[in-house]
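The residues making up each chain are set out below.
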Number of protein chains: 2
Amino acid sequence: MTSIASPMALPSYAAIREVGPRDGLQNESVVLTTAEKLELIAALRDAGLRQIEVGAFVRPQQVPQMANTAEVFAQLPRHPEVMYCAIAPNLVGAQRAVASRVDLVQVFLSATESHNQSNVNMGIAQSLDQVAEMSLLVRQAGIAFDAVLSVAFGCPFEGHVPVERVLDLCGQLLDLGAGEVTLGDTTGMAHPLLVQQIICAFRERFPRQSLRLHLHSARGAGLANVLAALQLGITTFDSSIGGIGGCPFAPGAPGNLCTEDLTHMLHELGVTTGLDLPALMRAARLLERLLGHEVPGQTIKAGICKHLTG
Amino acid sequence: MTSIASPMALPSYAAIREVGPRDGLQNESVVLTTAEKLELIAALRDAGLRQIEVGAFVRPQQVPQMANTAEVFAQLPRHPEVMYCAIAPNLVGAQRAVASRVDLVQVFLSATESHNQSNVNMGIAQSLDQVAEMSLLVRQAGIAFDAVLSVAFGCPFEGHVPVERVLDLCGQLLDLGAGEVTLGDTTGMAHPLLVQQIICAFRERFPRQSLRLHLHSARGAGLANVLAALQLGITTFDSSIGGIGGCPFAPGAPGNLCTEDLTHMLHELGVTTGLDLPALMRAARLLERLLGHEVPGQTIKAGICKHLTG
């Protein structure tokens, strides 16, 4: 056999944060019960996932899908090797997250004023003031604190977002105590060149800081964006079991990366994940049963390539 | 703005062959009339496509979707800048293709004995004898002649296909007069590393020969495979409007790359295609009307990113 080394240099390991139980379910019309969520989360943990977004401490009237988050945390068996995360939109949410003894609290900020205004009805400066208070509260409780910067790869209202602005906001979030910043491609506007440009710029500004990507699969290029990031050594990605979690700005459009599709490609590339692909498929099928409809993921339809099932 | 050159070197231009009217429609249960096919093909040509698979000269009883191929060619207005292609499975098909004055005849061969047997009910050696006869006939008529090697990235029956076998068969097809060989990822088993390995091996064996890829989007990695190929300078790809054309071995699984999704990523990457993205979207919407159902493409749901619509 002709043996030619591929010119592609890839990391040997990547870690996936599962966002299905929060970011995914939040966009579903079906509201899962506490027992159903616990069953799904157990299946995800059994598949090897070690960081799982469990819920959000938001107002139940606004997001009924997340109304039982405190109850889920109360009944969730904890595992020292698994980080069970929650979103908090404000100080009250952070207090509830702390009271629920979550392992990691995440806050969201938008990279553009218009998206932040539309999302949380306040300007970026005011949001940053809130982040400061929440960060103190959460970290004083001995809980890890992270931030997600939304629309970092483009804004549905403002279009292109200057890389400098993205980096400045990352810097402010890190200064306020965020252990890690996740760059979110909230409405699927990233492409491989932009992904690499932002990674390079982030590394130049924050040479010692890890970077996590929350990419979407809009327009089919989700895994191409992952490949571009892997080629620059990024090893932490968000994805959602079954690919659930649409894009609120484009109804019906594909949203979150699909955990089993992402894992399948990573394993094909020889990038280990610690995940059990057949167990992920079982979790995705469980999700289909719980939701009562097909999920958008592709591997669940095409099947796992045989050499990866062993 | 922090300006850092991306480490990604990409070609400035890529050419897409549209396979929707043949490979796509062949897998649909709805049979389009001649007038409907002509309307679709006109929309594809208007969008800038310069190589279009129009139909297949196969037995009408076996593939009713292609029964009107000769009629479509008879009524198709020709354009010197557009190559209207057809598939021929055997000598009779090639004779009919020649009689229909197609611009390019394509033959298919499988990279494995078991897939070839399952597909055309004969061994590879016998298929190659047929290709020899067809090649003579077609080229003597002054018509271009190409070959597609199916399951080149993996076989649903045999699994991994040795690269040496793929290259040997490419060599035989080229020796028999094929102007170009297309490597087909018939059941979606390619991944970015394999794509790059096969491209490198092909280039080493056939340094002056162009290579076309017919990739599938099974398991979400279709455009990641395209990115990997672009990074090695491959500039010719097959895709299907709306992403129609499933995988016969995995019902419901995504099949062909979607032309508008592929074009969207290429344009984002600064790779020109000569294609008009809004016109492609109109062609995809026309296809949805003709088929009476949604197509699997994603850009048609998410919309074109604003900066690409100008």
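These numbers were taken from a predicted model, which means no experiment stands behind them.

**Here's the deal with the overall build of chain A**
Point 1. Scanning chain A for helices and strands turns up twelve helices and eight strands.
Point 2. Computed over its C-alpha atoms, the radius of gyration of chain A comes to 18 Å, within 12% of the 19 Å expected for a compact globule of 310 residues.
Point 3. Here chain A holds 310 residues, and 63% of them are scored as buried.
Point 4. The long-range fraction of contacts in chain A, counting pairs at least 24 apart against all pairs at least 6 apart in sequence, stands at 74%.

**Thoughts on the nonpolar core**
Point 1. Counting 210 residues, the largest nonpolar core has Leu-149, Leu-183 and Leu-213 of chain A together with Leu-149, Leu-183 and Leu-213 of chain B as the members making the most contacts within it.
Point 2. Residues within four places of Leu-183 of chain B in sequence aside, it is in contact with Leu-149, Ala-152, Phe-153, Val-166, Cys-170, Ile-198, Leu-211, Arg-212, Leu-213 and His-214 of chain B.

**A closer look at the interface of chain A and chain B**
Point 1. At the junction of the two partners, chain A supplies 48 residues and chain B supplies 48 residues.
Point 2. Buried surface at the junction of chain A and chain B, both sides included, amounts to about 4100 Å², of which 66% is carbon and sulfur.
Point 3. Across the contact surface, chain A and chain B share zero salt bridges.
Point 4. If you tally residues by element for the side of chain A that touches chain B, the top one is helix α8 (residues 192-205) of chain A, at seven residues.

**Brief notes about the pairing of strand β8 (residues 236-239) of chain B**
Residues and elements named next belong to chain B.
Point 1. Going residue by residue along β8, you find Thr-236 and Asp-238 tucked away on one face and Phe-237 and Ser-239 tucked away on the opposite face as well.
Point 2. In this structure, strand β1 (residues 15-18) lies alongside β8, joined through four bridges in parallel fashion. Its bridge partner being in β8, Arg-17 is matched across the sheet by Asp-238.

**A look at the packing of aromatic side chains**
Point 1. For the structure on display, the rule yields four aromatic pairs over all chains.
Point 2. Aromatic pair Phe-57 of chain A and Phe-73 of chain A: ring centres 5.9 Å apart, planes at 25°, arrangement stacked. Of this pair, Phe-57 of chain A sits in the loop between β2 (51-56) and α3 (69-75) while Phe-73 of chain A is found in helix α3, placing the two residues 16 residues apart along the sequence. Taken individually, Phe-57 of chain A and Phe-73 of chain A each receive the classification buried, so the pair is uniform in this respect.
Point 3. Judged by centre distance (5.0 Å) and plane angle (50°), the rings of Phe-202 of chain B and Phe-206 of chain B are tilted.
Point 4. Taking relative accessible area as the criterion, Phe-202 of chain B reaches 1% and is therefore assigned buried.

**A look at the pattern of salt bridges**
Residue and element names in this part refer to chain A.
Point 1. Applying the stated criterion across every chain yields a total of 16 salt bridges over all chains.
Point 2. Of the charged contacts in the structure, one is a salt bridge between Asp-168 and Arg-205, with a shortest N-O distance of 2.9 Å. Remark: Arg-205 occurs in helix α8 and Asp-168 occurs in helix α7 (residues 163-175); sequence separation between them is 37 residues.
Point 3. Looking at Arg-205, the relative accessible area reads 34%, which means it is partly exposed.

**A closer look at the relation of the copies chain A and chain B**
Point 1. Take chain A, turn it by 180°, move it 0.0 Å along the axis, and it overlays chain B with an RMSD of 0.0 Å. Each copy turns onto its partner about a two-fold axis. Relative to the rotation axis, the C-alpha of Ala-224 of chain A is the closest in chain A, positioned 1.9 Å from it.
Point 2. Looking at chain A, 100% of its interface residues are interface residues in chain B too, so the copies touch through the same face.

**Here's the deal with the confidence of the model for chain A**
Point 1. Overall, the prediction assigns chain A a mean pLDDT of 94, with 95% of residues at 70 or greater.
Point 2. Segment residues 1-5 of chain A: pLDDT under 50, and ten contacts once partners within four positions in sequence are set aside and those in other chains are kept.

**Details of the environment of Val-120 of chain A**
Residue and element names in this part refer to chain A.
Point 1. Position of Val-120 relative to the elements: it lies in helix α5 (residues 113-120).
Point 2. Classification of Val-120 as partly exposed rests on a relative accessible area of 32%.
Point 3. A sequence separation of 31 residues divides Val-120 from Pro-89, and the C-alpha atoms of the two residues are 8.1 Å apart.

**A few points about the packing of helix α2 (residues 34-46) of chain B against helix α11 (residues 277-291) of chain B**
Residue and element names in this part refer to chain B.
Point 1. Running from N to C, α2 and α11 cross one another at 165°; their axes reach a closest spacing of 8 Å. Between α2 and α11, the crossing angle belongs to the class labelled roughly antiparallel. As α2 runs across α11, the sense of the crossing is left-handed. Each of Glu-36, Glu-39, Leu-40, Ala-43, Leu-44 and Asp-46 in α2 lies in contact with α11, whose residues at this interface are Ala-279, Ala-283, Leu-286, Leu-287 and Leu-290.
Point 2. Looking at the contact of α2 with α11, its residues break down into eight nonpolar, no polar and three charged.

Scoring rules and cut-offs
Residues numbered from 1 in each chain as written. Chains lettered and ligands numbered in written order. Predicted model: local features only at pLDDT ≥ 70, side-chain atom pairs only at ≥ 80, totals over all residues. Heavy atoms only, no water. Helix = DSSP H or I, 4+ residues; strand = E, 2+ residues; numbered from the N terminus. Rg over C-alpha atoms; globule rule 2.2 N^0.38 Å. Buried < 20%, exposed > 50% of the residue type's maximum accessible area, 1.4 Å probe, protein only. Contact = heavy atoms within 4.5 Å. Core = buried A, V, L, I, M, F, W, Y, C linked by side-chain atoms within 4.5 Å. Buried area = accessible area lost by both parts, 1.4 Å probe. Salt bridge = Lys/Arg side-chain N within 4 Å of Asp/Glu carboxyl O. Pairing = 2+ DSSP bridges. Phe/Tyr/Trp six-rings, centres within 6.5 Å; stacked < 30°, edge-to-face > 60°. Least-squares fit on C-alpha atoms with pLDDT ≥ 70 in both. pLDDT = per-residue confidence, 0-100. Axes fitted to C-alpha atoms, helices over the stretch in contact; angles between N-to-C directions. Parallel < 35°, antiparallel > 145°, perpendicular 65-115°, else oblique. Left-handed = near helix turned anticlockwise from the far one by under 90°. Nonpolar A, V, L, I, M, F, W, Y, C, P; charged D, E, K, R; others polar.

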